[in-house]
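What follows is each chain in one-letter form.
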Amino acid sequence: MSREKTEAAAAFFAAELLNWYDANKRDLPWRRDRDPYRIWVSEVMLQQTRVDTVIPYYERFMERFPTVRHLAEAPEEEVLKCWEGLGYYSRARNLQAGARQVVELYGGVVPDDKAAISSLKGIGPYTAGAILSIAYNKPEPAVDGNVMRVMSRYFLLEDDIAKPSARTKIERLAASIIPEGRAGDFNQAVMELGALVCTPKSPGCLLCPVLAQCAGRAAGRERDLPVKSKAKPPRPELRLAALVKGRGEHAGKVLVRRRPDSGLLARMWELPHVLAPDEAARSRGRAAGAAAFAADARVLASATILADAKAAGVPEAPAVADADDSAASAGAVAAGTSMAGTAGDGRFDALSRGLAEEAGLLVRPVRLWSEEEHVFSHIRWKVDVYLAEFGFFLAGGREAAAGAAGGMAAEPGASYGGPSDADDLPEGWLWIGPEDMASLAFPNVFLRILNDYFARQA
Ligand code: SF4
């Protein structure tokens, strides 16, 4: 396309798009004023998440944290609880860290300067451009996936949008056509067109306000664009989780733990779980499993764990499912109907052994409760959840367990700290009942499991 033609097409694009946006824009809660904090929250929530999903979260969040100062001063646990179910929890933590920076460095006023706003935690070029243009009407581009798709099609751009160079090119192009005085509306109009008309799989070209000059449509390429190289598929991981039932004064409760301070799902609550042994170990099967584990002198022998659990008063595993377990979830698998649900398949051993080694927690898996899936951007978790009886925590927790594992090679019967008192939970562990679900933040997969479990115990 010649330069003149491109300029004419760009002018047409901006003018027609703004007319269309003025007449068709959706009434969304974050469009009701130009408060930069509210726009910031909405833009962070909208990353990777659909508008319909975001609206109720946004409204609850703004009610609970109406200003940047409220957010900055809130306990992180409350922020995560408010975000629970939206996923990508590092967004919430970064948002709060950014709010704290705004309070400390800018007196609670979100800066309108590109360098300053870009230095805030969690704010990348897209979010900076969205806040600066929508709240302050600064002529900054805000290029997200919607915008890259629309621009690639309209201008017939064949650059791979997975590459940073394509984003930079589109940002430059978008910046060059922002109409004076209407930066915020223009950026939102392009996003709105991408969300409502120029959609990923079936662009509604016949209803499109810029159809007359769309180069991609004229070339019959609208469905081929944008070019995007495939991301690596998420790595599959099998996790074995324990739904550990309380006894005595903790009857009706289950054991949960808080995740570490950094990394995936940092500081959220979860059921204790371990990475399953590799496929080779798992495929040893029912008969070979116990022998193989017993031969590994570096780890705690499951027989020893079970003997210790028995000594601590853990009841024997029932021959049939407990009455209160009989109402399994829709996704639950009845005992004995799946290899994953049988005591001899090696997974019971792997779970009890893994928790003992990693956390100093001794439990006795009873049967499979449910099988769940959860996909992160880079990992696909398959989670097999086992009902389990509580044994005890090794006094000294993980360190004691590690020491015990090391000493097992020389002296399999060695004492390794002994059991803790029943109430003496290590820091970051809790017995919880259904009433605690309102205050602790769980990732979706554990939220589903626990809500289902408590609903069926009620
Ligand atoms: Fe997208 Fe079709 Fe409109 Fe072109 S004409 S911008 S391909 S919806």
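Higher on the page you've got the structure.
Predicted model, so just to flag it, every value in this text is computed and none were measured.

**Thoughts on the site of the ligand**
Contacts to the ligand come from Arg153, Cys198, Cys205, Cys208, Val210, Leu211, Cys214 and Glu222. Here the shell around the ligand is built from residues that sort into six nonpolar, no polar and two charged.

**A few points about the nonpolar core**
Of all hydrophobic cores here, the largest spans 101 residues; its most connected members are Phe13, Tyr37, Trp40, Phe61, Leu243, Phe442 and Leu450. The dominant element in this core, judged by the number of residues it contributes, is helix H1 (residues 3–24), at eight residues. Ignoring sequence-local partners within four residues, the contact set of Phe61 consists of Tyr37, Val41, Met45, Leu71, Val79, Cys82, Trp83 and Leu95. The next biggest cluster of nonpolar side chains, apart from the first, holds 22 residues, and it includes Ala242, Val244, Ala276 and Ala388.

**Brief notes about helix H2 (residues 36–46)**
Extensive coverage of H2 is indicated by the burial of ten of its eleven residues. All of the buried residues along H2 are Pro36, Tyr37, Arg38, Ile39, Trp40, Val41, Ser42, Glu43, Val44 and Met45. Buried residues belonging to H2 abut helix H3 (51–64), helix H4 (68–73), helix H5 (76–83), helix H6 (90–106) and helix H8 (125–136). Sitting at the head of H2, Asp35 places a side-chain oxygen 2.8 Å from the backbone nitrogen of Tyr37.

**Some words on the environment of Glu435**
Here Glu435 shows up in the loop between strand S7 (429–432) and helix H18 (444–457). Glu435 sits in the exposed class, given a relative accessible area of 52%.

**What to know about the pattern of salt bridges**
What the rule picks out here adds up to 27 salt bridges. Its salt-bridge partner being Glu158, residue Arg221 comes within 2.6 Å of it at the nearest N-O pair. Residue Arg221 is located in the loop between helix H12 (215–218) and strand S1 (235–245), and its partner Glu158 is located in the loop between helix H9 (145–154) and helix H10 (164–177); the two are separated by 63 residues in the primary sequence. Taking the relative accessible area as the measure of exposure, Arg221 reaches 23% and is therefore partly exposed. We note a salt bridge from Asp452 to Arg456, for which the minimum N-O separation is 2.9 Å. You can see Asp452 and its partner Arg456 sitting in helix H18, four residues apart, about one turn around the helix. Exposure remark for Arg456: the relative accessible area of 34% places this residue in the partly exposed category. Each of Asp22, Arg34, Arg182 and Asp185 takes part in salt bridges that share partners, so that together they form one network.

**Description of the packing of H2 against H6**
Contact geometry for H2 and H6: axes closest at 10 Å, N-to-C directions at 160°. Here H2 is positioned roughly antiparallel relative to H6, judged by the angle of their axes. In terms of crossing hand, the pair formed by H2 and H6 is right-handed. Residues Trp40, Val41, Val44 and Met45 of H2 lie in contact with H6, whose contacting residues are Arg91, Leu95, Gly98, Ala99 and Val102.

**What about unusual backbone geometry?**
Trans is the common state for peptide bonds, and a negative phi is the common state for residues other than glycine. Omega for the bond connecting Leu225 with Pro226 falls within 30 degrees of zero, at 0°, which places this linkage in the cis form. Even without glycine at this site, Gln48 takes up a positive phi of about 65°. Residue position: Gln48 is located in the loop between H2 and H3. A relative accessible area of 65% means that Gln48 is categorised as exposed. Positive phi is not limited to glycine here, since Tyr88 has a value of about 45°. Along the chain, the position of Tyr88 falls in the loop between H5 and H6.

**What about the packing of aromatic side chains?**
Summed over the entire model, instances satisfying the criterion amount to 15 aromatic pairs. On the numbers, 4.8 Å between centres and 70° between planes, the contact of Phe393 with Trp429 is edge-to-face. Placement of the pair is Phe393 in strand S6 (residues 379–393) and Trp429 in strand S7, with a sequence separation of 36 residues. Exposure remark for Phe393: the relative accessible area of 1% places this residue in the buried category. Relative accessible area serves as the criterion here: at 10%, Trp429 is assigned to the buried category. Connected via pairs of aromatic rings, a cluster forms that spans Phe13, Tyr154, Phe155 and Phe186. Across the ring face of Tyr57, the terminal group of Arg60 is positioned such that the distance to the ring centre comes to 4.9 Å.

The rules behind the values
Every chain is numbered independently, its residues counted from 1 as its sequence is written. In keeping with the predicted nature of the model, local features appear solely for residues at pLDDT of at least 70, side-chain atom pairs appear and are counted solely at 80 or more, and the whole-chain, interface and lining totals rest on all residues. Heavy atoms throughout the structure, all of them, feed into the side-chain values; hydrogens and water do not. We call a residue near a molecule or strand as soon as one heavy atom of that residue lies within 4 Å of the molecule or strand. Nonpolar residues are Ala, Val, Leu, Ile, Met, Phe, Trp, Tyr, Cys and Pro. Charged residues are Asp, Glu, Lys and Arg, and all others, Gly as well, are polar. In this text, buried Ala, Val, Leu, Ile, Met, Phe, Trp, Tyr and Cys residues form a nonpolar core when linked through side-chain atoms within 4.5 Å. Using a 1.4 Å probe on the protein chains alone, a residue whose accessible area is under 20% of its type maximum counts as buried, one over 50% counts as exposed, and one in between counts as partly exposed. Segments assigned H or I by DSSP are reported as helices when at least four residues long, segments assigned E as strands when at least two residues long, and all are numbered from the N terminus. Pairs of residues are marked as contacts when any of their non-hydrogen atoms sit within 4.5 Å. Any pair of N or O atoms that falls within 3.5 Å is considered a polar contact. Within protein, one atom must be able to donate a hydrogen and the other to accept it, and sequence-neighbouring residues count only if both atoms are side-chain atoms. Definition used for salt bridges: Asp or Glu carboxyl oxygen within 4 Å of a side-chain nitrogen of Lys or Arg. Note on geometry: axes are C-alpha line fits, over the in-contact stretch for helices, and angles between N-to-C directions span 0 to 180 degrees. An angle below 35 degrees is read as roughly parallel, one above 145 as roughly antiparallel, one from 65 to 115 as roughly perpendicular, and any other as oblique. What makes a crossing left-handed is the near helix being turned counterclockwise from the far one by less than a right angle; a clockwise turn instead makes it right-handed. Working definition: a ring pair exists when centres of Phe, Tyr or Trp rings (six-membered ring for Trp) sit within 6.5 Å. Plane angles under 30 degrees give stacked, over 60 give edge-to-face, the rest tilted. By the criterion adopted, a ring carries a charge over it if an Arg CZ or a Lys NZ lies within 6 Å of its centre and within 35 degrees of its normal.

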